[in-house]
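Chain residues, written in single-letter form:
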Amino acid sequence: MLRLAWTRSQSTNRGTIKSGFTYDLFRLERTPTSEYNRAIGHTPVALRKPPSVLSLRTLHSRRLRTTWRASFRMASGGEGKSSPPASPTKQSNRLAQERSPYLLQHAYNPVDWFPWGQEAFDKAKKEDKPIFLSVGYSTCHWCHVMERESFEDEEIGKILSDNFVCIKVDREERPDVDKVYMTFVQATSGGGGWPMSVWLTPELRPFIGGTYFPPRNTGFRPGFKTILMRIMEQWRSNRDALESNGERVIEALKKSSAIAASADDLPPPAITVAKRCFIQLAKSYEEEYGGFTEMPKFPSPVNLMFLMTFWATNHSTAEGAEALRMSLHTLRMMALGGIHDHVGQGFHRYSTDSSWHVPHFEKMLYDQAQLAVAYITAYQVSGEQFFADVARDVLLYVSRDLSDKSGGFYSAEDADSLPTAQSSEKKEGAFCVWTAGDIRGLLREPVEGATGGATQADIFMHHYGVKEQGNVAPEQDPHGELQGQNVLIVRYSVELTAAKFGLSVEKAEEVLAAGREKLAQVRKGRPPPHLDTKMLSSWNGLMLSGFARVGAVLGDRALVERAEQAAQFLRDQLWDEAGQRLLHSCYRGEEMQVEQIASPILGFLDDYAFVVCGLLDLYEASLHPRWLQWAEELQLQQDVLFWDGQGSGYFITDPSDPTVLLALKEDQDGAEPSANSVSALNLLRLSQYTGRQEWAQRSQQLLAAFSDRLIKVPIALPDMVRGLMALHFTLKQIVICGQPDAEDTARLIACVNSAFLPHKVLMLADGDTEGFLYQRLPVLSSLRPLGGSATAHVCQNFTCALPVTSPEELRRLLKE
């Protein structure tokens, strides 16, 4: 008889679920973690090594999913195409009709795959078979390892097809399905990751789950074939126990995952929570290179944005100064490190070492979006051009490599690629790394005036830490994929490099820039990594904020226009006007056109929250009220679909969906901020723009629902702490009265955008009393320009200070 054992992290606020059963099915070694590391979602992992079920412990949270996303996105697979080629020897399965790049990668498996949907559910019920659910994504290395080893195996394919109803899910396409069953896997195994493998009853209730399995038994690890045979046997002989144990787990999870507040509950004290969040981050901060773990290191934009917000309200204190130092140092070290692509721009997913040097080379849209905002915020608070340049660098990468002609943004770029066109095996980082010989051959010209007749290569290799034997330590390269290769990392300032070679700083910069350009041209000739051309509303909303925020701060009209193009894409391609619903995803077709699947996936909470935030940022950048109007419409719909009228807060998916077993509320800010965190601030901002005070009250109710988490472990929700701080300090209205295209209006707007003001809303009163803003806020009619000049009014609850007309006066007023 199979015995079920499962644990939950004590670091959550939901308690530990207990059961008297243990599965001997997956007897594998566990890796312990500290309670504190689990509390902040940073689990020590052995990178680039095969994951295994029960091999690691993690949190039941998005921060947990972030850790696992990192640890299992070690070297991305994919075939470099959006759909597999037709094969004369292989027959396609149902997945060939799908548009998800991940599902298409499995279209020629000898497995009778179904996409998630009613056809599969009905077959399982009709034939009374268990369901095998496999979840992954197109740039997941171990997903593709399991495909090659197991799903392309004819024998295993037949066992699966004959005895199970097999469902393949792209976790980025169906985050709701992924979240429910990952919660089960984490609760029952103490770990999780992708590929995720779960067995369900025909009623979709899970009874066994894990991650990657090798195809055959290896040592003490059961192979996938063995697992399948044992499950088949137990389904026949011990089905009642399997089903009842699975049912007990689900019921326990329903109770343990509840987040709620009563109508009269108040949020926790903002000052206390913010200080505790700062202290918890400071304790985990790594002094030498920045970041919040020793290794691996993740960008964690939510932490950095909190620290800069904390500084903005505590800039005269030692703690405020320390928060600013931590954030700026981390951002600087990341930008100098190998996690930053110095040749091709943008940022890789995370660093496998403590110095931000050797990355996991995958690039994700959501990272680029949030890092662009973090770097432009660093520029606002520091005035250092370095940070503005990095923000532009990120947007250059996204514009060039992740942009669709429709205005949308693609999801991800793979870590693996073919080293040469003649190669048959992909390697991690092959597209990005260099041998010393490569660089000497490309940059052979001597530099006039350089000490000792130094060549371009001498200067470039010194500056970027290039070594003859390669600069990747063996422990960072367990599979030998980077042997003899170099990951560029800035080792010296331009000033020091210039001094070493007897050059002016300007000349050294010129040599380095020319070197980067030559390497970029060579990279264009290399086989490119696989590109996931799926376009998601949520991640496009994040990127919309990135372009809007950077464009506004830098006064770059082209960046703002790119943001408007993205917003129009969302309106045209991912908004169902008739049904008044956002859609979650769309796809690039073979003719480069935007395509939709037959039954479009309706938007989830993330989609609404991130797009609303993006539209609010776009309004402040463009001051075109149509974006505010659409944000209001989306927020109204979000409230109808996802708000918990009994316990407050938003469910991550429509709770009326019968195929979703758990009505969950995300309680962690991880690789992406949680939608509840983003919504807390969205509601406050929208209440100021629309006059809907019920939205301010709703934000307060949301924050109250998460009180326990905010009080005990605010480090888990740094973005929500920012919302709590905004509620406490009350948003100021900065109203610019003037003509939209007038120079004096532009000067006042530029003054506002130059400063980091986390607790403000910016609006333009252009005199159009029939327009959206005037209709929502009649008080605007009483605010007028002084003496024909553009005028700024700084108000709180529309009680305004004396109006000013010059940027200098406005700057002084904003500092008060």
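Note that this is a predicted model, so its numbers are computed, not measured.

Draft legend 1. Structural view of helix 23 (residues 675-690). With 16 residues, helix 23 should cover 22 Å at 1.5 Å per step; its first-to-last C-alpha distance of 21 Å lies within 8% of that length. Burial analysis of helix 23 places 16 of its 16 residues in the buried class, which makes it a mostly covered element.

Draft legend 2. Fine view of the state of the cysteines. For the coordinates displayed, the defined rule picks out 2 disulfides. There is a disulfide in this structure between Cys140 and Cys143, and the S-S distance comes to 2.2 Å. For the disulfide bridge between Cys140 and Cys143, the dihedral angle about the S-S bond is near 85°, and by the sign convention the bridge is right-handed. Just as Cys140 is buried, Cys143 falls in that class too.

Draft legend 3. Up close: the pairing of strand 5 (residues 206-210). Counting buried positions along strand 5 gives 5 out of 5 residues, so the element sits mostly inside the fold. Hairpin connection, strand 4 (residues 196-200) to strand 5: the antiparallel pair is bridged by 5 residues, and Leu204 has positive phi, about 75°.

Draft legend 4. Fine view of the environment of Glu577. Of note, Glu577 is situated in the loop between strand 14 (575-576) and strand 15 (581-582). Among the residues examined, Glu577 registers a relative accessible area of 44% and is labelled partly exposed. There is a polar contact of 3.2 Å between the side chain of Glu577 and the side chain of Arg571.

Draft legend 5. Up close: helix 10 (residues 270-284). The end-to-end C-alpha distance of helix 10, which contains 15 residues, comes to 21 Å, matching closely the 21 Å that a straight helix rising 1.5 Å per residue would cover. Among all positions of helix 10, only Ala270, Val273, Ala274, Cys277, Phe278, Gln280, Leu281 and Ser284 are buried. Buried positions in helix 10, seen along its axis, are confined to an arc of 165° and lie on one side of it.

Draft legend 6. The arrangement of the pairing of strand 3 (residues 165-170) in detail. By the criterion of burial, strand 3 is predominantly enclosed, with 6 of the 6 residues buried. The alternating pattern of strand 3 places Val165, Ile167 and Val169 on one face and Cys166, Lys168 and Asp170 on the opposite face, and all of these are buried. Taken together, the 3 bridges between strand 1 (residues 113-115) and strand 3 define a ladder with parallel strand orientation. Looking at the pairing, Pro115 lines up with Lys168 of strand 3. One ladder, built from 6 bridges, connects strand 2 (residues 131-136) with strand 3; its direction is parallel. Note on strand 3: the bridge partner recorded for Val135 is Val169.

Reading guide: rules and limits
- Residues numbered from 1 in each chain as written.
- Predicted model: local features only at pLDDT ≥ 70, side-chain atom pairs only at ≥ 80, totals over all residues.
- Heavy atoms only, no water.
- Helix = DSSP H or I, 4+ residues; strand = E, 2+ residues; numbered from the N terminus.
- Expected span 1.5 Å × (residues − 1).
- Buried < 20%, exposed > 50% of the residue type's maximum accessible area, 1.4 Å probe, protein only.
- Disulfide = S-S within 2.5 Å.
- Pairing = 2+ DSSP bridges.
- Polar contact = N/O pair within 3.5 Å; in protein donor to acceptor, adjacent residues only side chain to side chain.
- Arc of directions from axis to C-beta.

Keep in mind that these numbers describe shape and distance, not what the molecule does.
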